[in-house]
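Observations on chain architecture
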Amino acid sequence: MDKKIYVTLENGKVFEGFSFGAEKEVIGELVFTTGMTGYIETLTDPSYYGQIVAHTFPLIGNYGMILSDCESRKCWVSAYIVREKCDAPSNFRCEGTLADYLKEQGIPGVYGIDTRELTKIVREAGVMSAAITFRPFTDFAKLKGYKIKNAVKSVTSTERKTFGKEGGLHVVLYDFGAKENIVRELLARGVKITEVPAEFPAEQALALNPDGIMLTNGPGDPAENTAIIENIKRLAGKKPIFGICLGHQLFALAMGGKTRKMKYGHRGGNQPVKQLSTGRVFISSQNHGYEVVSASLKCGELSFINVNDGTCEGVDYPDLNAFTVQFHPEACGGPRDANFLFDRFIENMRKVK
């Protein structure tokens, strides 16, 4: 029998479960995700840095771990909570179990708790800090004082990298915590990519003579990244720009808009977004706890909204040859409804070239 472990919420609620993966105690920001599949992508998405992730779907790990599906080089969650873990996965691509992967990565897991009740608490009270410990936790001041800091600096690459072949379009990709599938989608379209660290100076990026700029996803409070926001101001209007998730938020801040923390955010592969120009609804993959405040936009045109709560899901900046979306059009694990946005970015670059 695995060790008993406690999940203590900031509001005083305690859940008793069992430990798997790494035997480790942590404090983090507790969030939930609604995806039925895609747990490999969730574990390896840098946007989850500093967060304890709980799954609403009851059984996780049933197709094992498939390393080629990972979104980055390592697991970024602080801890992982599931109702039931699968110890005997069945898939022809399986390379190991979820438990073994978490142990190898040094990430604690919890199973055997009522994730339905846990999700309802977060949904009603909002995102909160939580502690995962082997003894009852009582230092609530420490929990309430927890805050994710320096998130982008903690996940971004530290050196410049190049992908793809010469001869086609060239994109400078700012790595704020980039998912591998953004790179894969661009490479599939014959694009050469120069991936640069989050605070790579705009002047040096433009000196590389790219055809476009990609602003990627990433973790944390977007407003914390003041140097990056100033950098984006110097990029705006110089080249076609496509921003995804955190990149969407940072571009809005650079253009004078505002962001705010959501009650519990959007996380999962089933978020409906409506394209205002056509009225068409797409199902999207999302992972964010902050939103762009639509009413704060000083330039640009609202392009997508979330069908569930009406929040901003995309902005077009026609005068700057830029567009951004809050959701993930590169979604792997599904859905791929909005994949066409990469083609739009390609077309914007070709028009200028």
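Above this note sits the structure.
Residues numbered from 1 in each chain as written. Predicted model: local features only at pLDDT ≥ 70, side-chain atom pairs only at ≥ 80, totals over all residues. Heavy atoms only, no water.

Attention shifts here to unusual backbone geometry. Residues apart from glycine generally show negative phi values, whereas peptide bonds are mostly found in trans. Residue Asn209 is not a glycine yet carries a positive backbone phi of 55°. In this structure, Asn209 sits in the loop between helix 7 (202-207) and strand 13 (212-215). The exposure class of Asn209 is exposed, given its relative accessible area of 55%. Even without a glycine there, the phi angle at Cys245 is positive, about 60°. Summarising the element assignment, Cys245 is placed in the loop between strand 14 (241-244) and helix 9 (246-254). We classify Cys245 as buried; its relative accessible area is 1%. (Helix = DSSP H or I, 4+ residues; strand = E, 2+ residues; numbered from the N terminus. Buried < 20%, exposed > 50% of the residue type's maximum accessible area, 1.4 Å probe, protein only.)

Attention now goes to the sheet that holds strand 12 (residues 192-197). The strand order across the open sheet formed by 10 strands is 10-12-11-13-14-19-18-17-15-16, and the pairing between neighbours is mixed. At either margin of the open sheet sits one strand with a lone partner, and together these are strand 10 (161-163) and strand 16 (281-292). Here the average twist between neighbouring strands, direction ignored, is 20°. Judged from the four bridges that link them, strand 14 and strand 19 (residues 322-325) form a sheet pairing that is parallel. Looking across to strand 19, one finds that Gly243 is bridged to Thr324. (Pairing = 2+ DSSP bridges. Axes fitted to C-alpha atoms, helices over the stretch in contact; angles between N-to-C directions.)

Glancing now at helix 3 (residues 115-125). Three or more residues of helix 3 are buried, namely Thr115, Leu118, Thr119, Ile121 and Val122. For helix 3, the angular spread of the buried residues around the axis is 160°, confining them to a single face. In helix 3, the exposed positions that point more than 90 degrees away from the buried face belong to Arg116 and Glu124. If you check the start of helix 3, you find a side-chain oxygen 3.1 Å away from the backbone N of Arg116, and it comes from Asp114. A positive backbone phi angle near 100° is found at Gly126, which sits one or two residues after helix 3. (Arc of directions from axis to C-beta. Polar contact = N/O pair within 3.5 Å; in protein donor to acceptor, adjacent residues only side chain to side chain.)

The next thing to look at is a nonpolar patch on the surface. A cluster of nonpolar residues, Val281, Ile283 and Val307, forms a patch on the protein surface that exposes about 220 Å² of accessible area. As for its placement among the helices and strands, Val281 is situated in strand 16. (Patch = residues over 30% accessible without salt bridge, like charges linked within 9 Å, V, L, I, M, F, W, Y side chains within 5 Å. Areas by Shrake-Rupley, 256 points an atom, 1.4 Å probe, with all protein chains shown as cover. Salt bridge = Lys/Arg side-chain N within 4 Å of Asp/Glu carboxyl O.)

With respect to the element layout, Arg267 can be found in strand 15 (residues 259-275). Each residue touching Arg267, except ones within four places of it in the same chain, is listed here: Val31, Phe32, Thr33, Thr34, Tyr48, Gln51, Gln286, Asn287, His288 and Gly289. (Contact = heavy atoms within 4.5 Å.)

We now examine the pattern of salt bridges. If you walk through the whole model with that rule in mind, you get 18 salt bridges. When the shortest N-O distance is used, the salt bridge between Arg234 and Glu203 registers 2.8 Å. Of this pair, Arg234 sits in helix 8 (residues 226-235) while Glu203 is found in helix 7, placing the two residues 31 residues apart along the sequence. Taken together, the shared-partner salt bridges in this structure form one network comprising Glu185, Arg189, Arg336 and Asp343.

Let us look at the sheet that holds strand 8 (residues 108-111). Spatially, 1-2-8-6-4-3-9 is the arrangement adopted by the seven strands of the closed barrel, whose pairing is mixed. Each strand of the sheet is rotated relative to its neighbour by a mean of 35°, with strand direction disregarded. Two elements, strand 1 (residues 4-9) and strand 2 (residues 14-21), share five bridges in a ladder whose sense is antiparallel. Paired with Val7 across the bridge in strand 2 is Phe15. The sheet contacts of helix 2 (residues 98-105) involve strand 2, strand 6 (79-82) and strand 8, and relative to strand 2 the element is tilted by about 85°. Along the sheet face, helix 3 touches strand 1, strand 2, strand 3 (26-33), strand 4 (51-55), strand 6 and strand 9 (128-133) and points at about 90° away from the line of strand 3.

Our next topic: the packing of aromatic side chains. One pair of aromatic rings is described through two measures. These are the centre distance and the angle between the planes. The final tally for this structure, using the stated rule, is 12 aromatic pairs. Seen from their ring centres, Phe242 and Phe342 are 5.5 Å apart, and the 75° between their planes marks the pair as edge-to-face. A residue pair is termed long-range when its members are at least 10 positions apart, and Phe242 in strand 14 and Phe342 in helix 10 (residues 340-352) qualify at 100 residues. The pair formed by Phe242 and Phe342 is uniform in burial state, with each residue classed as buried. (Phe/Tyr/Trp six-rings, centres within 6.5 Å; stacked < 30°, edge-to-face > 60°.)

The subject of this paragraph is the pairing of strand 8. Neither face of strand 8 is exposed, since Pro108 and Val110 on one face and Gly109 and Tyr111 on the opposite face are all buried. In this sheet, strand 8 lies alongside strand 2 in antiparallel orientation, the contact comprising four bridges. Looking at strand 8, one finds that Phe20 is bridged to Gly109.

A complete count under the given rule lists zero disulfides for this structure. Residue Cys86 stays outside any disulfide, its sulfur separated by 8.8 Å from that of Cys94, the closest cysteine. Unpaired in terms of disulfides, Cys299 finds its nearest cysteine sulfur in Cys312, a separation of 12 Å. Looking at Cys299, the relative accessible area reads 27%, which means it is partly exposed. (Disulfide = S-S within 2.5 Å.)

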